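The chain contents come next:
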Amino acid sequence: MTNLDVSPNRTPTPTPPPKSPIERGAPRVSKLGPVAWGQKNLFNSWFNSILTVVLLLLIGNFVIGTLLWVFSEAQWAVVTDNFGQFMSGLYPPEAYWRIWSMLGIIFLMAGLTWGLLARHQKKLLNQPVLIGLGAIALFAVVLPLTQPHVLNLIVCLGLLVGMALAGQVIGRKIPMAAQLISLGWFLSYFAVLYLLNGGEVRASFLYLVSRVVLSLLVGWQLSQRVSIPALPPWLTKIGLFAAGVVITYLILWYLPYTIPGLDFGIDNVRTSKWGGLTLTLLLAVSGIVLCFPLGILLALGRRSKLPVLRGFSVAYIELIRGVPLISILFMGQVLIPLFLPEGTRPDRIVRAVIGLTMFSAAYLAENIRAGLQAIPQGQTEAAQSLGLNKTLTTLLIVLPQAIKIAIPAIVGQFISLFQDTTLLSIVGLLEMLKMTRNLLVGASYSGDYVEAFLFIALIYWIFCYAMSYGSQRIEAALNTDLR
Amino acid sequence: MVQKTAKPLPRFKALLRDERFWQVALQIIVFIAVVATFYYLYGNLKAKGQAEFDLGFLQNTAGFPMSDNILGYQPTNSYAKIMQAGVINSFRVVIVGIILATIVGITAGVASFSTNWLLQKISRVYVGLMRNVPLLLQLIFWYTAVFRATPNADNQIVFPDEALSWVVISNKGIRLPGPSFPNELWVGIILLVLALLLGGLLWRSANMFRLGRFGAGIGGWLSRGVNVAIIVAVVITDYFLLFSNSAEDRLYFTGAVPAFVGSPQGLWVLALMGLAAGLVYVWKLRTQAMLTRGEDGNLLLGMMGAIALATAAIIIFAFGWKTPVIVPNGAEGGLPITMEYAAVVTGLTFYTGAFIAEIVRAGIQSVSRGQWEAARSLGLSNSKAMQLVVFPQSLQVIIPPLNSEFANLAKNSSLAIAVGYQDLYSVAYTSLNQSGRAIEVIAVMMGTYLLINLLISINMNQLNAVFQVKGR
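Rules used in this analysis
Residues numbered from 1 in each chain as written. Chains lettered and ligands numbered in written order. Predicted model: local features only at pLDDT ≥ 70, side-chain atom pairs only at ≥ 80, totals over all residues. Helix = DSSP H or I, 4+ residues; strand = E, 2+ residues; numbered from the N terminus. Buried ≥ 20, exposed ≤ 12 C-beta atoms within 10 Å, placed from the backbone. Contact = placed C-beta atoms within 7 Å. Domains from an automatic or database assignment. Nonpolar A, V, L, I, M, F, W, Y, C, P; charged D, E, K, R; others polar. Pairing = 2+ DSSP bridges. Axes fitted to C-alpha atoms, helices over the stretch in contact; angles between N-to-C directions. pLDDT = per-residue confidence, 0-100.

(A) Spotlight on the overall build of chain A. Helix and strand content of chain A: 18 helices and two strands. Taken over the C-alpha atoms alone, chain A extends approximately 90 × 75 × 50 Å along its principal axes. For chain A, the proportion of its 483 residues judged to be buried stands at 26%. Sequence-distant contacts, at least 24 apart, represent 75% of the contacts inside chain A between residues at least 6 apart.

(B) Up close: the domain arrangement of chain A. With domains assigned, chain A is organised as domain 1 (90-266) and domain 2 (277-478). With centres defined by C-alpha atoms, the gap from domain 1 of chain A to domain 2 of chain A works out at 24 Å.

(C) Local environment of the interface of chain A and chain B. Contact residues are listed per partner, giving 39 residues for chain A and 41 residues for chain B. Of all elements in the fold, only α2 (46-73), α12 (307-322), α13 (325-339) and α18 (449-478) of chain A reach the threshold of two or more residues within the side of chain A that touches chain B. At nine residues, the largest contribution of residues to the side of chain A that touches chain B is made by α18(A). Along the lines of polarity and charge, the residues of the side of chain A that touches chain B split into 30 nonpolar, eight polar and one charged.

(D) Expanded view of the sheet that holds strand β2 (residues 167-170) of chain B. Residue and element names in this part refer to chain B. The four strands lie next to each other as β1-β2-β3-β8, forming an open sheet whose pairing is antiparallel. Both edges of this open sheet fall to β1 (157-159) and β8 (335-337), since each of them pairs with a single strand only. With direction set aside, neighbouring strand axes in the sheet form an average angle of 15°.

(E) Molecular detail of the pairing of β2(B). Relative to β2(B), β1(B) runs antiparallel, the two being bridged by three bridges. In the sheet register, B:Phe159 faces β2(B), and the bridge partner there is B:Val167.

(F) Quick peek at the confidence of the model for chain A. For chain A, the average pLDDT comes to 86, and 93% of its residues sit at 70 or higher. Every residue in residues 1-12 of chain A is under pLDDT 50, and counting partners more than four places away or in other chains gives 18 contacts.

Structure below.
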């Protein structure tokens with residue numbers, strides 16, 4: 001629980017004064033011996049005894065059979081030969097370094113975030129964390145599956161730990177750094193997209209987003225630091241901000257095209273080659289992140305007293321929640337090209353992301369609505385008595401608290417979205433399940449479906465279990481009511 | 001009274017700061033934006049010549065086969081017919097899935113409170129496993145690794161032996177004992193309905209006894225039931241009339257139903273329904289009299305037992321159950337279940353069952369500890385305490401979230417396409433590819449799923465009303 005401790009000023013509870021021996025504390029817990037424990041928990045009645053014996057026989061049979069199968073009969077070649085395809089689809093093997101760099105960026109950001117959030121913690125690498133990291137490293141070295149990539153995995157783990165330690169130092173020296181985490185994740189999302197897609201740097205989304213961010217920063221700094229006495233202050237601020245943004249943006253836009261030699265980049269990999277776990281994760285993350293603007297607006301709309309806003313929000317939410325996801329994804333694939341002007345036909349993956357976003361926005365809206373309902377009226381009244389208007393009250397007081405309350409539900413939603421990306425295999429995207437089914441069509445592995453399905457089931461299970469475990473930790477860490 | 005002012009600017013500024021102005025303006029802006037977006041999308045659609053919404057194509061010949069349907073659909077029938085067959089297939093999955101998932105879920109949820117440590121842990125492992133693996137993967141696994149991995153017809157599995165052959169399993173499908181629907185079945189169905197009605201009444205009376213007072217009254221109950229019946233009837237009739245242009249379906253609702261009501265059987269049905277309504281009223285008076293006289297409820301219990309036995313007898317004898325018959329290279333008769341159907345139902349059952357188990361667990365945990373302790377101190381055993389005291393009280397917490405779980409099951413049933421079971425979604429998908437009428441097909445499909453969800457929601461609200469504790 002200590003890793004994500006965001007409330008450093010929690011005071012330890014004072015130790016109570018010693019009491020007399022008779023009334024001290026809870027009753028003593030006596031430890032049962034193994035025989036007594038078995039009698040209490042397994043053989044406490046004739047029915048339970050029979051049940052235990054039957055269950056033990058069944059479980060024993062099942063476990064032994066499974067173990068025998070796993071270690072002698074099963075043909076694991078389908079997994080070991082095609083590990084790359086499970087992980088990244090038809091992505092060209094000579095470009096696997098790009099997948100590894102993506103992983104590197106993610107681990108780097110994760111480490112940095114960890115370090116910055118836990119900057120007040122005395123010892124970052126305590127015993128359970130060290131044991132966990134050690135176990136992962138051990139698996140990477142021992143498992144035959146990951147052995148070829150052992151160096152890369154160790155580098156990634158090293159990045160995680162190194163950046164966490166660095167993040168702690170940075171966080172202590174520059175407190176503002178913690179506020180830049182979201183910006184960092186935002187930019188690394190586009191960096192990851194660029195690595196996956198390739199193409200010229202100057203024409204990429206990454207560069208577009210970076211120059212927007214950079215010009216906004218320049219404009220803001222300009223308006224904060226420069227003053228022109230001849231003009232009224234509000235005009236100066238707005239004028240300088242606008243001028244800074246526009247000029248910086250234009251310079252950054254045109255510069256790479258005017259200076260020769262800036263047309264460098266990496267090879268473009270077409271989206272039909274993307275696949276495997278990489279695509280699964282990309283789709284899930286895009287779906288949950290992109291649905292936030294729409295989801296929050298819908299939640300506010302549904303809570304609004306204005307009939308038009310509420311009507312539209314309710315209609316959208318109930319319509320989307322009333323139909324299966326697969327029909328929305330299918331609609332995305334079929335109807336989006338029909339409804340757009342002639343000649344515009346978004347990429348298949350973009351259409352899938354639009355479908356996922358529309359779907360998860362409705363569910364996110366309901367989660368956030370639950371959060372909004374949990375905020376006591378007193379918060380709004382207190383904000384209004386401070387003189388905040390309705391917009392500011394919502395933005396600064398109500399929404400942040402509501403989202404914080406909704407975080408466990410949102411993580412749950414992300415887990416189910418992660419599982420739901422398998423539905424895209426029905427509309428033909430090469431995510432992990434479709435990749436597996438394609439592999440099994442070939443004659444060489446046609447009988448090995450149990451092995452392949454068990455392998456990806458294990459991957460899904462590990463991810464989902466880890467996320468729900470993490471969500472419980474976050475929930476505990478964010479629970480600021482505990483005092 | 002609006003006065004003319006010399007300085008319009010301050011008024012304008014005041015307007016901008018007026019909340020009421022913004023409330024109206026915001027709504028107008030949003031309305032215009034939404035309408036404009038739709039208009040723009042519609043314009044694009046029109047430019048491609050796809051804008052006219054015409055359900056007439058539903059009369060055209062569908063032309064693709066459907067292996068597993070109970071409507072007798074043939075490839076020469078219309079799109080409307082195959083859509084109906086698809087809806088019925090979806091309903092077959094959803095209804096059976098809901099019943100089985102509820103049984104599995106309640107069993108697993110209750111098992112997590114067992115005093116047997118092993119059983120507890122198995123329940124937890126089951127839930128943790130099912131919830132963290134995607135449903136689609138589970139469905140495909142059930143289909144390919146379990147149901148399709150069965151031996152072929154030459155080596156089919158027969159249970160218990162060749163002579164009795166209750167269950168026959170091969171990779172062609174599963175055969176169970178099934179009803180043979182004799183011609184006199186309508187008598188059985190009427191008796192069954194009557195038995196259910198009487199059972200409901202007796203249960204109601206028993207509740208009156210238990211509480212020692214009269215509830216909302218049987219009239220209120222009937223009106224609730226009639227409400228549901230009307231909604232269901234309207235929904236189904238509308239569906240068939242709107243989306244089926246085939247003559248025989250229209251005939252069914254415009255000709256066959258009145259004809260049935262006018263026929264001797266129909267008159268019997270009407271008479272029996274009238275009789276039932278009379279019984280309702282008489283029974284209410286009788287129970288009131290029993291209560292005021294202070295009689296005990298043993299008569300009621302006996303009658304409930306008799307009704308249960310009668311129901312079982314009707315189900316056994318009226319439907320003409322027959323076991324499958326072994327023939328060379330396979331089996332015939334009985335109730336055939338395709339492997340696709342089996343895989344979809346099994347997958348949905350175990351997946352949804354895990355979620356229901358969590359709901360049940362939370363519900364049981366919500367019952368206060370004192371109830372357990374009170375029950376134990378009355379001398380009830382652990383299982384009796386669960387059955388009689390704790391579980392009934394947890395129902396009012398369990399039922400509302402079950403509604404959304406059942407709705408999820410209905411929506412998830414659309415994944416049947418992945419194993420080749422032809423449900424509504426699968427049929428709509430093929431119809432769209434063949435006819436090219438994207439908007440119409442998607443509208444019909446989504447509308448139908450909305451209706452299914454609406455039906456589930458209505459029924460669950462009724463159920464919820466029963467179990468909510470009143471006046472505490």
